[in-house]
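Descriptive analysis of the structure
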There are 2 protein chains.
Amino acid sequence: MYPTGIRPVLSSLGQRLSQSFTKTTVSPYTGRFVRYFSRSYRSSPIRGLSSTLRVPYRSFLSTNLTSPYTQKRTTMSAQKTSVNVAVIGTGNIGGELLNQIQGFNISAKAANTPQFNVVAISSIEGHFISKDYSPIDLGNWKAVSQTGNGPASFEVLADFLGKSTLPAIVVDNTASEAVAYSYPLFLSKGINIATPNKKAFSAPLAKYKEIIDASRKSGALLMHESSVGAGLPIISTLKELILTGDEILKVEGIFSGTMSYIFNNWSPNGKKGTAAFSEVVKVAKDNGFTEPDPRDDLNGMDVARKVTILSRIAGLDIESPEAFPVHSLIPEPLVTAASADDFMAGLPAFDASIAAVREAAEKEGKVVRFVGESDLVSKKTSVSLKSYETTHPFANLQHADNIISFTTKRYSTTPLVVIGAGAGAAVTAAGVLGDMIKILSQVRAADAPSKN
Amino acid sequence: MYPTGIRPVLSSLGQRLSQSFTKTTVSPYTGRFVRYFSRSYRSSPIRGLSSTLRVPYRSFLSTNLTSPYTQKRTTMSAQKTSVNVAVIGTGNIGGELLNQIQGFNISAKAANTPQFNVVAISSIEGHFISKDYSPIDLGNWKAVSQTGNGPASFEVLADFLGKSTLPAIVVDNTASEAVAYSYPLFLSKGINIATPNKKAFSAPLAKYKEIIDASRKSGALLMHESSVGAGLPIISTLKELILTGDEILKVEGIFSGTMSYIFNNWSPNGKKGTAAFSEVVKVAKDNGFTEPDPRDDLNGMDVARKVTILSRIAGLDIESPEAFPVHSLIPEPLVTAASADDFMAGLPAFDASIAAVREAAEKEGKVVRFVGESDLVSKKTSVSLKSYETTHPFANLQHADNIISFTTKRYSTTPLVVIGAGAGAAVTAAGVLGDMIKILSQVRAADAPSKN
């Protein structure tokens, strides 16, 4: 009487994702299904824990970390496992990350899933290696790292991680070129890397390719979501668009929280801008939204580095962040000002000239924004001041938000857009931890670096 | 003369992500690094291929699929591997997905990385199982599936996939409740699932928990990015926020492309709305933007299902999409209209009443949008008509875009927002393929379902 199996279900269904269609046609379960359900159906309130203990969500890509099923069948060889972690840099981001790792581990322990064993911490306060690979107490990492117990070099660290039976991750929380340029050493030994550091990915092209190639050859993962837009899903989204066969036509955005804040205030949407540019910069500086020397934001190079990173992922062989037009907002005579204070003192003299840009935009009913763009069709990349209609998403940006827009073959009528805070210790560390979790979900005991 | 190793680099660096800081302090490489680089430095133009052949990007989470390193050391047990795939449903989305899988496989073959062996296709046209597990020619899938070679039931399919030596994915491209309710059968056998089908995740709570629990117990992955917002990074973003320890305060958005289109046109931003509601619905229907019977959009249940899915992931035990207030836009007397045509004929009589809502909003300088909301703090969930200031991101939505906004403890000043096309075969299939790639990156030969 009832049809059984897939065939009649589909035959009656059509294959459209149509609610109305299925409602009227799929009601009769097969006898088989009813029997199946009556055997296995039960209430299983597994979510009770999660809101309080933050047990990792079970069906996420990066959970299901421990499969009882897999364990049973592959116990020694392919068992999903905890990983050893070396943290380099414990400033704002590194410190916050260590706290977040501690929180993750508590959840993982409760859920009986793999966790992060932090076995080395290198910071300005000291360098500690847990010689027997026992995890460092993260409630006490600062004191532990200060006990500095021996010589620290990248080679020593790589050898140490390589001698463990567990897979390893080096987390680089610095902005150091030297640390970034050590990635091939770690990667070649099968040690994975997670980092917000932009230096490797905006390095001169040959160096960049050397680093990417080291990852490719060893299979060690190299993850850097937080190098653009902090914890926002920018790099993962771009890579997935490419992997699924979409064609990237244009990537554009406001990539600097500092520049976002300055321009959202100096050229506000919906009303006439009144503040002088130098005043807005001063407020941003006083609130800690700029580098100690605001020229390190206003030169546009931070944006240029992020545009370089995304452009390369999208397939453009950018030579370096200096290899394309970047509009510096530092008035020429102030480039050589001796100090940040001298720079700030000189800036008001140039308020009128940049105000002219705002006035011209306002006459057209537009606002001014500091934008990075990569046109993958014309292969042109730039960082520049641009004007936008008041209804444009770039015009409507709030506070110090980043906005990144992907125009692709599939997202061509309107782009795919991500908006949100693109800086700050908590969200940046969360981006790094997200990368670490993805690595954790992909490695197993058998992935431990070799012993040599 | 030069300092060596991590210690002096970090000591001189500080641990801030500060460009200016590092520029002046990190210039001197150590002798050790210089030697290292001179040994291994070389140009390695590995990206040449990727723009033309779409070779998967090498350092993505879901690439590095084949690790020569891992292969060498764990050849038979943990080798990353291709997976067998059974595709259920070959309509708009399923057909597009098969094309996208074909494109992915061509890239993967060129890069010598694992690929998807489609070994079964079930559709309204026929049901085909490749008995020797040899991959179906995807250039010819329609004809192949029409050759229907034997009885098709979920049990037969699960047994077939379970007998393979490779891990397996069932891809459900239907909107069928019967297919969704078969997930525990597949999951319990260690077979992974990727799907845009909302039915499992918006099912009555006990059924939902049964399905999630089956995934948890076996460790088989259950991925459904496209069940909300098609290919947009919504579910992955929400799960990563939770996994990294953020606290979700509010999830809100415009989750229906149909409703987005209707309200963006009926209550346009920046100018007075003039079209009658029934007119806008008619244009949407004529352009294929609505279900055949527009009541299946206007009843709000599609949005309610998506809100249910996200709310549950965020930790709310929503009983069902019927368990919270949903504002239906179907005038009461038309609920029982016999046909879509009857409904459309009756709709103009109600234009005046809904126009009053628009006028009230316009008087406050606002626009009207159809919004789903989940407040995780008050634990209140709803689908309703709301008014927004013209500068609000919901007011500025274009075309038929979705917009989803996450307010969290970390993203509290301004929310994390994702905007873009949330429907359509290409982007929906891309979301499913993205899930499949994530599964591919996490499974290995040892993960094949057991033989029983």
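Given the structure is predicted, the values throughout are model-derived calculations rather than measurements. (Residues numbered from 1 in each chain as written. Chains lettered and ligands numbered in written order. Predicted model: local features only at pLDDT ≥ 70, side-chain atom pairs only at ≥ 80, totals over all residues. Heavy atoms only, no water.)

**A closer look at the overall build of chain A**
- In terms of helices and strands, chain A carries 19 helices and 11 strands.
- Total accessible area on chain A stands at roughly 15,700 Å², and carbon and sulfur atoms take up 54% of it. (Helix = DSSP H or I, 4+ residues; strand = E, 2+ residues; numbered from the N terminus. Areas by Shrake-Rupley, 256 points an atom, 1.4 Å probe, with all protein chains shown as cover.)

**Some words on the environment of Gly148(A)**
- Along the polypeptide, Gly148(A) turns up in the loop between helix H7 (141-146) and helix H8 (154-162).
- For the pair Gly148(A) and Phe128(A), spaced 20 residues apart in sequence, the C-alpha to C-alpha distance is 4.7 Å.

**As for the pattern of salt bridges**
- For the structure shown, the criterion picks out 28 salt bridges over all chains.
- Of the charged contacts in the structure, one is a salt bridge between Lys438(A) and Glu240(B), with a shortest N-O distance of 2.9 Å. Residue Lys438(A) is located in helix H19 (residues 425-442), and its partner Glu240(B) is located in helix H12 (residues 235-243); the two belong to separate chains. In terms of burial, Lys438(A) and Glu240(B) fall into one category: buried.
- Here the residues in one salt-bridge network are Lys198(A), Asp302(A) and Lys306(A), joined through shared partners. (Salt bridge = Lys/Arg side-chain N within 4 Å of Asp/Glu carboxyl O. Buried < 20%, exposed > 50% of the residue type's maximum accessible area, 1.4 Å probe, protein only.)

**As for the packing of H12(B) against helix H16 (residues 301-314) of chain B**
Residues and elements named next belong to chain B.
- Where H12 meets H16, the closest approach of the two axes is 10 Å, and the angle between their N-to-C directions is 20 degrees. On the basis of their axis angle, the class for H12 and H16 is roughly parallel. Handedness of the H12/H16 crossing: right-handed. Of H16, the residues touching H12 (which contributes Ile235, Leu238, Lys239 and Ile242) are Ile309, Leu310, Ile313 and Ala314. (Axes fitted to C-alpha atoms, helices over the stretch in contact; angles between N-to-C directions. Parallel < 35°, antiparallel > 145°, perpendicular 65-115°, else oblique. Left-handed = near helix turned anticlockwise from the far one by under 90°. Contact = heavy atoms within 4.5 Å.)

**Some details on the packing of aromatic side chains**
- Scanning all chains against the criterion turns up 20 aromatic pairs over all chains.
- Here Phe263(B) and Phe370(B) contribute two aromatic rings whose centre-to-centre distance is 6.2 Å and whose plane-to-plane angle is 15 degrees, an arrangement assigned as stacked. Residue Phe263(B) is found in helix H13 (residues 257-266), and its partner Phe370(B) is found in strand E8 (residues 366-375); the two are separated by 107 residues along the sequence.
- The class of Phe370(B) is buried, set by a relative accessible area of 2%.
- Of the aromatic side chains, those joined through ring pairs into one cluster are Phe263(A), Trp266(A), Phe277(A) and Phe370(A).
- The cationic tip of Arg312(B) hangs over the ring face of Tyr208(B); the distance from NZ or CZ to the ring centre is 4.6 Å. (Phe/Tyr/Trp six-rings, centres within 6.5 Å; stacked < 30°, edge-to-face > 60°. Lys NZ or Arg CZ within 6 Å of the ring centre and 35° of its normal.)

**Some details on the confidence of the model for chain A**
- Per-residue confidence for chain A gives a mean pLDDT of 84; residues scoring 70 or more make up 81%.
- For residues 11-78 of chain A, every residue scores under 50 in pLDDT, and the model assigns this stretch 192 contacts once sequence neighbours within four places are set aside. (pLDDT = per-residue confidence, 0-100.)

**Quick word on helix H14 (residues 277-286) of chain A**
Residue and element names in this part refer to chain A.
- Along H14, the positions that sit buried rather than exposed are Phe277, Ser278, Val280, Val281 and Ala284. End-on, the buried residues of H14 take up no more than an arc of 160 degrees, which puts them together on one face.
- Looking at the buried positions of H14, the neighbouring elements they touch are helix H13 (257-266), helix H15 (295-298), helix H17 (340-346) and helix H18 (351-363).
- Following H14 by one or two positions, Gly288 adopts a phi angle in the positive range, close to 75 degrees. (Arc of directions from axis to C-beta.)

**As for the packing of H13(A) against H14(A)**
Residue and element names in this part refer to chain A.
- Taken N-terminus to C-terminus, the directions of H13 and H14 make an angle of 135 degrees; their axes are 10 Å apart at the nearest point. Looking at the two axes, H13 sits oblique to H14. Between H13 and H14 lies a crossing whose hand is right-handed. Where H13 abuts H14, its residues Tyr261, Ile262, Phe263, Asn265 and Trp266 lie against Phe277, Val280, Val281, Val283 and Ala284.
- Taken together, the residues of the contact of H13 with H14 break down into nine nonpolar, one polar and no charged. (Nonpolar A, V, L, I, M, F, W, Y, C, P; charged D, E, K, R; others polar.)

**Re the nonpolar core**
- In terms of nonpolar packing, the biggest core is built from 169 residues, with Tyr183(A), Tyr183(B) and Phe263(B) touching the most fellow members.
- In contact with Tyr183(A), other than residues within four places in its own chain, are Asp172(A), Ile193(A), Thr195(A), Asn197(A), Ala200(A), Phe201(A), Ile211(A) and Leu222(A). (Core = buried A, V, L, I, M, F, W, Y, C linked by side-chain atoms within 4.5 Å.)

**Examining the sheet that holds strand E8 (residues 366-375) of chain A**
- If you walk across this open sheet you meet the 10 strands as E9(A)-E8(A)-E7(A)-E10(A)-E11(A)-E11(B)-E10(B)-E7(B)-E8(B)-E9(B), and the pairing is antiparallel. The open sheet is flanked by strand E9 (380-389) of chain A together with strand E9 (380-389) of chain B, the only strands paired with a single partner. Neighbouring strand axes in the sheet, compared pairwise and without regard to direction, differ in orientation by 20 degrees on average.
- Contacting E8 and E9 of chain A, H18(A) runs over the sheet at an angle of about 100 degrees to E8(A).
- Seen against the sheet, H12(B) touches strand E7 (248-254), strand E10 (401-408) and strand E11 (416-421) of chain B and runs at an angle of roughly 5 degrees to E10(B). (Pairing = 2+ DSSP bridges.)

**Let's talk about unusual backbone geometry**
- One non-glycine residue, Tyr133(A), lies in positive phi territory at about 65 degrees.
- Its location among the elements puts Tyr133(A) in the loop between strand E3 (126-129) and H7.
- Residue Tyr133(A) is classed as partly exposed on the basis of its relative accessible area, which comes to 23%.
- In this structure, Ala230(B) is a non-glycine residue whose phi angle is positive, near 50 degrees.
- The residue Ala230(B) is located in the loop between strand E6 (222-223) and H12 in this model.

**With respect to the environment of Pro135(A)**
Residues and elements named next belong to chain A.
- Note on placement: Pro135 falls in the loop between E3 and H7.
- Between the C-alpha atoms of Pro135 and Ala120, which are 15 residues apart in sequence, the distance is 8.6 Å.
- Discounting chain neighbours no more than four positions away, the residues touching Pro135 are Asn117 and Val118.

**A few points about the sheet that holds strand E2 (residues 116-123) of chain B**
Residues and elements named next belong to chain B.
- Sheet architecture is open: six strands sit in the order E3-E2-E1-E4-E5-E6, paired in mixed fashion. With one partner strand each, in any of the chains shown, strand E3 (126-129) and E6 form the two edges of the open sheet.
- As judged from the two bridges shared by strand E5 (residues 192-194) and E6, these two strands associate in the parallel manner. The residue bridging Ile193 from the neighbouring strand is Leu222, located in E6.

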